[in-house]
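Chain and residue survey
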Amino acid sequence: QVQLVESGGGLVQAGGSLRLSCAASGRTISSHSVAWFRQAPGKEREFVAAISWSGGRTYYADSVKGRFTISRDNAKNTVYLQMNSLRPEDTAVYYCAADRAWAPYTGNSYSKSATYDYWGQGTPVTVSS
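We now turn to the structure provided with this report. This structure is a prediction, so every number in the text was calculated from the model and none was measured.

Observations concerning the side chain of Glu6
With respect to the element layout, Glu6 can be found in strand β1 (residues 3-7). Despite being buried, Glu6 has no salt bridge partner; Arg45 is the closest side chain of opposite charge, sitting 9.2 Å away. For Glu6, the side chain forms a polar contact with the main-chain nitrogen of Cys96, separated by 2.9 Å. Among residues more than four places away in sequence, those in contact with Glu6 are Ser21, Cys22, Trp36, Tyr94, Tyr95, Cys96, Gly120, Gln121, Gly122 and Thr123.

The following block contains the structure:
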């Protein structure tokens, strides 16, 4: 199975930037699509961004489109989330997740938590005014 560990979270001022990393172990994630989700205190988990296992397609929630960029480096077995122009409403625990190897996205399945079999422990991001 795949183990995922997020890092790079912390405290940042509004308008600032952070880059989150999702490092995989146990096996390569080169054949897995990977997504980022986030959950604020007292709120439901929400989709943030996803990248296909081929790396050829990316997807973003409307709330982060134009500000966040998801990418992957298969040689390092790592997926990144570059977050720019951060806002207080971006404050949440951010989780990365991987789906089943070689599984295709269908419709909007990339944004559904049920699509993903493997989850990290999360890294907290706090954006202050």
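Having put the structure on the table, let's press on.
Some remarks on the packing of aromatic side chains
Taken as a whole and judged by the stated rule, the model has 8 aromatic pairs. When the ring of Phe37 is compared with that of Tyr116, the centres are 5.7 Å apart and the planes differ by 75°; the resulting orientation is edge-to-face. Of this pair, Phe37 sits in strand β4 (residues 34-39) while Tyr116 sits in strand β10 (residues 116-119), and the two are 79 residues apart along the sequence. Using a relative accessible area of 2% as the deciding quantity, one classes Phe37 as buried. Centroid distance Phe37 to Trp119: 5.1 Å. Interplanar angle 50°. Geometry classified as tilted. Here Trp119 lies in strand β10 and Phe37 lies in strand β4, a separation of 82 residues in the sequence. Members of the aromatic cluster, joined through ring pairs, are Phe37, Phe47, Tyr59, Tyr105, Tyr110, Tyr116 and Trp119. Looking at Arg45, its charged tip hangs above the ring of Tyr95, at a distance of 5.5 Å from the centre. Above the face of the Trp119 ring, Arg45 is positioned so that its terminal group lies 4.3 Å from the ring centre.

Definitions and cut-offs
- Residues numbered from 1 in each chain as written.
- Predicted model: local features only at pLDDT ≥ 70, side-chain atom pairs only at ≥ 80, totals over all residues.
- Heavy atoms only, no water.
- Helix = DSSP H or I, 4+ residues; strand = E, 2+ residues; numbered from the N terminus.
- Buried < 20%, exposed > 50% of the residue type's maximum accessible area, 1.4 Å probe, protein only.
- Lys, Arg positive; Asp, Glu negative; His and termini not counted.
- Salt bridge = Lys/Arg side-chain N within 4 Å of Asp/Glu carboxyl O.
- Polar contact = N/O pair within 3.5 Å; in protein donor to acceptor, adjacent residues only side chain to side chain.
- Contact = heavy atoms within 4.5 Å.
- Phe/Tyr/Trp six-rings, centres within 6.5 Å; stacked < 30°, edge-to-face > 60°.
- Lys NZ or Arg CZ within 6 Å of the ring centre and 35° of its normal.

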